[in-house]
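Now for the letters of each chain:
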Amino acid sequence: MRPGADPVSADAPDLARLLLKQEIEEFLYGEADLLDERRYEEWLDLLTEDARYWMPMRRNVPRDAREREFTREGADVNWFDEGKETLARRVGQILTGVHWAEEPPSRICHMVSNVQILRATPPGPSPSEVAVKCRFLVYRNRVETETDILVGKREDLLRKVDGDWKIARRKIVLDQSVLLAKNLTFFF
């Protein structure tokens, strides 16, 4: 800081950025808790009405064919390519208690790390949309012996709606090309 500069205003952009990052991290950690605690209806409330939830399939391709590594959104078969309405139907099915893959319910732990804010619009201390990138690890144990560990990356677009952050878009990228889990009845 240069001599005579106001320490509050000189640090305000960095402070605002750090506060925003902390706010976003707390949002993502809270979301993980909702999923771990099977509070799926509350989780659905974290999604905008026009939310997009997408997980492409990953292929093993030669180094010079990276453009073919992932299936395309809306054009190819994907693990998930859903909106809020479809996600709500999936939640409703799980909550019936007769969902074959979730009765008895799985024990799940979501870990979120490496949270990065890619951009915030409009720029400044009070953005209305934030593009976020993070890493995740999802651990699932079902019945006595079924265990799944899924690791990957997420790219989210978060939007402020009535003063609260909501998920407007989520792209989930698994760091494996073959799905080893028996099903994908849980959420990332």
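Above this text you will find the structure in question.
Residues numbered from 1 in each chain as written. Predicted model: local features only at pLDDT ≥ 70, side-chain atom pairs only at ≥ 80, totals over all residues. Heavy atoms only, no water.

## A few points about the overall build of the protein
Here's step 1: For the protein, the helix and strand inventory stands at 3 helices and 6 strands.
Here's step 2: Reading the helices (α) and strands (β) of the protein from amino to carboxyl end gives α-α-β-β-α-β-β-β-β.
Here's step 3: Counting all 188 residues of the protein, 40% fall into the buried class.
Here's step 4: Here the analysis covers contacts within the protein between residues at least 6 apart in sequence; of these, 61% occur between residues at least 24 apart.
Here's step 5: Both charge centroids of the protein, one from 30 positive and one from 34 negative side chains, sit 6 Å from each other. (Helix = DSSP H or I, 4+ residues; strand = E, 2+ residues; numbered from the N terminus. Buried < 20%, exposed > 50% of the residue type's maximum accessible area, 1.4 Å probe, protein only. Contact = heavy atoms within 4.5 Å. Lys, Arg positive; Asp, Glu negative; His and termini not counted. Charge placed at Lys NZ, Arg CZ, Asp CG, Glu CD.)

## As for the packing of aromatic side chains
Here's step 1: Counting across every chain of the model gives 7 aromatic pairs.
Here's step 2: Three or more aromatic residues joined by ring pairs make a cluster, and in this case those are Tyr40, Trp43, Tyr53, Phe80, Phe136, Phe186, Phe187 and Phe188. (Phe/Tyr/Trp six-rings, centres within 6.5 Å; stacked < 30°, edge-to-face > 60°.)

## Some words on the side chain of Glu31
Here's step 1: If you trace the backbone, Glu31 turns up in helix H1 (residues 7-36).
Here's step 2: Overall, Glu31 belongs to the buried group, its relative accessible area being 1%.

## Remarks on the environment of Ala51
Here's step 1: One can find Ala51 in strand S1 (residues 47-55).
Here's step 2: Taking C-alpha positions, Ala51 is 28 Å from Glu103, a pair spaced 52 residues apart along the chain.
Here's step 3: Those residues within four positions of Ala51 in sequence are excluded, and the remaining contacts are Glu82, Gly83, Lys84, Ile167 and Ala168.

## Describing the sheet that holds strand S3 (residues 107-121)
Paired through their backbone hydrogen bonds, the strands of a sheet run either parallel or antiparallel.
Here's step 1: Ordered in space as S2-S1-S6-S5-S4-S3, the 6 strands form an open sheet in which the pairing is mixed. Two strands bound the open sheet, and with one partner strand each, they are strand S2 (80-83) and S3. Direction aside, the axes of adjacent strands within the sheet are offset by 20° on average.
Here's step 2: Pairing analysis gives 12 bridges linking S3 to strand S4 (residues 129-142), with the strands arranged antiparallel. Each bridged residue has a counterpart across the sheet, and for Ala120 the counterpart in S4 is Val130. (Pairing = 2+ DSSP bridges. Axes fitted to C-alpha atoms, helices over the stretch in contact; angles between N-to-C directions.)

## Here's the deal with the environment of Leu44
Here's step 1: Residue placement: Leu44 occurs in helix H2 (residues 40-44).
Here's step 2: A sequence separation of 54 residues divides Leu44 from Val98, and the C-alpha atoms of the two residues are 20 Å apart.

## Describing unusual backbone geometry
Here's step 1: Looking along the chain, the bond that leaves Thr121 and enters Pro122 is cis, with omega of -10°.
Here's step 2: Within the secondary structure layout, Pro122 lies in the loop between S3 and S4.
Here's step 3: The phi dihedral of Arg38 falls on the positive side, at around 60°, and the residue is not glycine.
Here's step 4: If you trace the backbone, Arg38 turns up in the loop between H1 and H2.
Here's step 5: Judged by its relative accessible area of 39%, Arg38 is partly exposed.
Here's step 6: Residues other than glycine seldom take positive phi values, yet Asn114 does so here, at roughly 50°.
Here's step 7: Following the sequence through the fold, Asn114 ends up in strand S3.

## Re the pairing of S4
Here's step 1: Relative to strand S5 (residues 146-161), S4 is paired through 14 bridges, and the arrangement is antiparallel. Within S5, the residue paired with Ala131 across the bridge is Leu157.

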